[in-house]
Amino acid sequence: MFNNPNTLWIEILAIVLVVAFLSFVIGQYIYKKVHHLPTGDCECCHKNKKQLLNEYHKYNQGNNNQ
């Protein structure tokens, strides 16, 4: 690593991109934790929660006359 001067800029660019990507992922996780947003497996369930609740109320309201 860093031996060939012709590929030095490619190696530095790769390192910068990897560090930027990891910083973004860790920063996004910290942001969600600070603002009490769901992370991990619960994140996908939380997005559909309101829609599922509305569908449940619509279904329950239509079948409540029985």
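Quick caveat, the model's predicted, so the values are computed rather than measured.

### Quick notes on the overall build of the protein
- A count of helices and strands for the protein gives three helices and zero strands.
- Ordered by position from N to C terminus, the α and β elements of the protein give α-α-α.
- Counting the 66 residues in the protein, one finds 3% classified as buried.
- Carbon together with sulfur atoms contributes 64% to the accessible area of the protein, which is approximately 6,400 Å² in total.

### Describing helix 1 (residues 8–34)
- The terminal C-alpha atoms of helix 1, which comprises 27 residues, lie 39 Å apart, in line with the 39 Å expected from a rise of 1.5 Å per residue.
- Directly beyond the C-terminal end of helix 1, a positive phi value near 55° is found at histidine 36.

### With respect to a nonpolar patch on the surface
- A cluster of nonpolar side chains, namely Val18, Phe21, Leu22, Phe24, Val25, Ile26, Tyr29, Ile30 and Val34, defines an oily patch on the protein surface of about 910 Å² accessible area.
- Inspection of the secondary structure puts isoleucine 30 in helix 1.

### Some points on the confidence of the model for the protein
- On average, residues of the protein score 82 in pLDDT, and 79% of them reach the 70 mark or higher.
- Within the protein, helix 2 (residues 42–47) has the poorest average pLDDT of any element, 64, and helix 1 the best, 94.

Here is what the cut-offs are and how they apply
Residues numbered from 1 in each chain as written. Predicted model: local features only at pLDDT ≥ 70, side-chain atom pairs only at ≥ 80, totals over all residues. Heavy atoms only, no water. Helix = DSSP H or I, 4+ residues; strand = E, 2+ residues; numbered from the N terminus. Buried < 20%, exposed > 50% of the residue type's maximum accessible area, 1.4 Å probe, protein only. Areas by Shrake-Rupley, 256 points an atom, 1.4 Å probe, with all protein chains shown as cover. Expected span 1.5 Å × (residues − 1). Patch = residues over 30% accessible without salt bridge, like charges linked within 9 Å, V, L, I, M, F, W, Y side chains within 5 Å. Salt bridge = Lys/Arg side-chain N within 4 Å of Asp/Glu carboxyl O. pLDDT = per-residue confidence, 0-100.

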